[in-house]
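Each chain, written out:
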Amino acid sequence: MRYLPHTSEEINSMLDAVGANSLDALFSTVPENCRRTGDPCLPEPLTEWALNDHMEVLSRSMGVPPGYKVFVGAGSYDHCIPHALSHLLSRSEFVTSYTPYQPEMSQGTLQAIYEYQTLTCRLLGMEVSNASLYDGASALAEALLMAARITRAKKVAISSLIHPHYRQVVRTYFAPTGFELVELPRLQDGRTDLSPLEETEGLAALAVQSPNFFGCVEDLYAAAQEAHQKDALLVTAFTEPLAYGLLKNPGSLGADLACGEAQSLGIPESFGGPGLGMFATKMKFVRNMPGRLVGQTVDMDGRRGFVLTLATREQHIRREKATSNICTNNSLCALAAAMYMASLGRTGIRELARLNRDKTEYLKKGLLDAGFEIPFDSPTFNEFVAAFPSESGKVYQRLLEKKIVAGLPLAPYYPDLADHYLFCVTETKTRDDLDALIKEMTS
Amino acid sequence: MKEISELELPDDLRYAEDHEWAEMEGDQVKVGVSDYAQDQLGDIVFVELPQVGDTFSKGDEFGTVESVKAVAELYMPIGGEITAVNNALEDSPEWLNKSPYQDGWIIKVKPKDPSEIDALMTKTSYVEMLKGLQ
């Protein structure tokens, strides 16, 4: 498939075919007050070389690797991406293929999605995964709506240690629904306080993130017990699925829905997107699941094949009664995640997860020894919170000038945590990087 | 698909415009979908049932029927409280195709106003309506 713009000749012949005499006439069915009139205020077009220069200047204005040593995760993680991925992903069979409505034409794409679903289920310990959603935040919102559909209850308890942006998206999704959102406070150890649930009735779901926004590993087993006692579903969110290479996965701890962001699995950070919404659940809830689903079947000769299945949940068939208005998936990103998981394999993911954990522990210990406070003592994976001496961001600024981004300031998200920073260490940081960070912070 | 003359439409049932049937059984009303509805839908693969104790008005949606090619909503032919649901349909939705009037019944309702059943169509008027749909 080639991407060539239409010529005016082609446009005119198409307009002739539908009996419209101009592009404006073609759009006349769109109500006037929904159409933009006037100048869109865009700058003049640039040449290719001028545009490249412009982008180069823009990118230099940001603190990104390799120019900067960035110790920030908080939902977007700097991992090494095996070069095989960019090569495979650029193949036109994957890059240009569209929604595989026709199984007889699309076995390759469908099989790739099926492999993604299978690997996702194995990583999360769940029974069925959809073909992916857009990102972690919308996946969480969809999961909570799904829990409300299943339980027919209208209240959702959500941990305040779920990524702040995810909670914002959930609030946006929930605003017109009339469902109630209850936010659970945190404990001293950096985990979610589940005790307010004792007083809560009519609960559809309990949502916790593990590792949570402070990097702390939540007690998902206890959360599942608590949720199930209330006839509610446990929804577990994540921003760093690599953690499940080392930690027990959500499914084995009793999660009914597991969802989150899988940018970590082979997708570049790219200024925040595109991401990949992972979404998995138990088979008994499959008909309430949003999004695409690929299933395995046999053709008339008994050969294995793949098709979109249970499409009656979806918008193109069920219209306004669909489980979601998401009628697509993030296929190329899902493919990247599948390739990433397959490249590393079970032992590779485990080793990489251990490397992330060990390096993070090294930094944590180094900062503790240097006199910094680590306020939350729960176990962590590749992120943790450190408190700086109270001097309104001076250390942070000084390090930034040395091209080191020393964590994410938490105060904008948690006003009571002034001078607290969320650090992340992945495999991309060397011991020298970590030693240099500790040295600079203490100097 | 069946011709109208091939449809099995028992004389003693009442029929709704959305192709549900209703049958008085003591003080309760048994509800299912007509032979026409199951035939139009094709192979039924899933039935979503309400919960016992739910109450609905006449015309409310109380569940869905999913076939290999479409999903159809189920509407109450009569208002009232659900007293029983046919749980066998969860594992064997095909009863709706095989036996729409016996094993494929869907819910039992305790009607709020039993006279509502008189407003439903008789077999004769239902057949007239089906002819109009062709």
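**Some thoughts on the overall build of chain B**
Working step 1: Looking only at helices and strands, one finds four helices and nine strands in chain B.
Working step 2: Sequence-ordered secondary structure for chain B, helices as α and strands as β, is β-β-β-α-β-β-β-β-β-α-α-β-α.
Working step 3: Its C-alpha atoms put chain B at 35 × 35 × 20 Å along the principal axes.
Working step 4: In chain B, which comprises 134 residues, the share counted as buried stands at 35%.
Working step 5: Taking all contacts inside chain B whose residues are at least 6 apart in sequence as the whole, residues at least 24 apart take part in 63%.

**So, unusual backbone geometry**
All names here are of chain A.
Working step 1: In the segment running from P65 into P66, the intervening peptide bond is cis, with an omega of 0 degrees.
Working step 2: Here S210 and P211 are connected by a cis peptide whose omega angle stands at -10 degrees.
Working step 3: With respect to the secondary-structure elements, P211 resides in the loop between β5 (203-209) and α9 (220-229).
Working step 4: A positive phi angle is found at A74, which is not glycine, with a value near 55 degrees.

**Focus on the sheet that holds strand β7 (residues 71-75) of chain B**
Remark on secondary structure: sheet strands pair via backbone hydrogen bonds, oriented parallel or antiparallel.
Residue and element names in this part refer to chain B.
Working step 1: Pairing in this open sheet of three strands is antiparallel, and the strands run β4-β6-β7 from one edge to the other. Of all the strands in the sheet, the pair left with one neighbour each is β4 (44-48) and β7. Going from strand to strand, the sheet's axes swing by 20 degrees on average, the running direction of each strand aside.
Working step 2: Alignment of β4 against strand β6 (residues 61-67), held across four bridges, turns out to be antiparallel. Its bridge partner being in β6, E48 is matched across the sheet by T64.

**Some points on the nonpolar core**
Working step 1: Ranked by size, the top nonpolar core spans 111 residues in total, and within it A:L140, A:L144, A:A205, A:L206, A:A207, A:V235 and A:A337 carry the most contacts.
Working step 2: Tallying contributions element by element places helix α11 (residues 331-369) of chain A first for this core, with 13 residues.
Working step 3: Taken domain by domain, this core gets at least three of its residues from each of domain 1 (69-81 + 345-442) and domain 2 (86-340) of chain A.
Working step 4: Residues contacting A:L144, with those up to four places away along its chain left out, are A:V156, A:V170, A:A205, A:A207 and A:V235.
Working step 5: Among the nonpolar cores identified, the runner-up in size contains 29 residues, and B:Y15, B:W21, B:A22 and B:V29 belong to it.

**Points about α11(A)**
All names here are of chain A.
Working step 1: Here α11 is 39 residues long, yet its end C-alpha atoms lie only 46 Å apart, well below the 57 Å a rise of 1.5 Å per residue gives.
Working step 2: Helix geometry: α11 is bent most strongly at G345, by close to 95 degrees.
Working step 3: Positive phi appears at G371, one or two residues downstream of α11, with a value of about 100 degrees.

**Points about the confidence of the model for chain B**
Working step 1: When pLDDT is averaged along chain B, the result is 94; 100% of the residues meet or exceed 70.
Working step 2: Across the interface, the model reports ipTM at 0.71; the global pTM reads 0.87.

**Some points on the domain arrangement of chain A**
When the parts of a complex come together, some accessible area is lost, and that lost area is often used as the size of the interface.
Residues and elements named next belong to chain A.
Working step 1: Along its sequence, chain A is carved into domain 1 (69-81 + 345-442) and domain 2 (86-340).
Working step 2: Centre-to-centre, using C-alpha coordinates, domain 1 lies 27 Å away from domain 2.
Working step 3: On the domain 2 side, the residues contacting the 26 residues of domain 1 number 25 residues.
Working step 4: Of all the secondary structure elements, the ones that give two or more residues to the side of domain 1 that touches domain 2 are α11 and β11 (383-387).
Working step 5: When residues of the side of domain 1 that touches domain 2 are assigned to their parent elements, the largest contribution, seven residues, is made by α11.
Working step 6: For the side of domain 1 that touches domain 2, the class distribution of residues is twelve nonpolar, eight polar and six charged.

**What about the sheet that holds strand β8 (residues 80-85) of chain B?**
All names here are of chain B.
Working step 1: Ordered by their spatial adjacency, six strands build an open sheet running β1-β2-β3-β9-β8-β5, and the pairing between neighbours is antiparallel. Lying at the two open borders of the sheet, with one neighbouring strand each, are β1 (14-15) and β5 (55-56).
Working step 2: Note: β1 against strand β2 (residues 20-25), two bridges, orientation antiparallel. Looking at the pairing, Y15 lines up with W21 of β2.

**Some thoughts on the environment of A:A137**
Residues and elements named next belong to chain A.
Working step 1: By the secondary structure assignment, A137 is in helix α7 (residues 136-151).
Working step 2: Expressed as a C-alpha distance, the spacing of A137 and I162, which sit 25 residues apart in the sequence, is 9.9 Å.
Working step 3: Apart from the residues within four sequence positions on either side, A137 is in contact with H165, Y166 and V169.

**Digging into the packing of α7(A) against helix α8 (residues 164-174) of chain A**
Residue and element names in this part refer to chain A.
Working step 1: Relative orientation of the contacting elements α7 and α8 amounts to 45 degrees, with a least axis distance of 8 Å. In terms of their interaxial angle, α7 and α8 are classed as oblique. You can see that α7 and α8 cross each other, and the crossing is right-handed. Only H165, Y166, V169, V170 and Y173 of α8 make contact with α7, whose side of the interface consists of G136, A137, S138, L140, A141, L144 and L145.
Working step 2: Classifying every residue of the contact of α7 with α8 gives nine nonpolar, three polar and no charged.

Rules behind the numbers
Residues numbered from 1 in each chain as written. Chains lettered and ligands numbered in written order. Predicted model: local features only at pLDDT ≥ 70, side-chain atom pairs only at ≥ 80, totals over all residues. Helix = DSSP H or I, 4+ residues; strand = E, 2+ residues; numbered from the N terminus. Buried ≥ 20, exposed ≤ 12 C-beta atoms within 10 Å, placed from the backbone. Contact = placed C-beta atoms within 7 Å. Pairing = 2+ DSSP bridges. Axes fitted to C-alpha atoms, helices over the stretch in contact; angles between N-to-C directions. Core = buried A, V, L, I, M, F, W, Y, C linked by C-beta atoms within 7 Å. Domains from an automatic or database assignment. Expected span 1.5 Å × (residues − 1). Bend = angle between axes of the 7 residues up to and from the residue. pLDDT = per-residue confidence, 0-100. Nonpolar A, V, L, I, M, F, W, Y, C, P; charged D, E, K, R; others polar. Parallel < 35°, antiparallel > 145°, perpendicular 65-115°, else oblique. Left-handed = near helix turned anticlockwise from the far one by under 90°.

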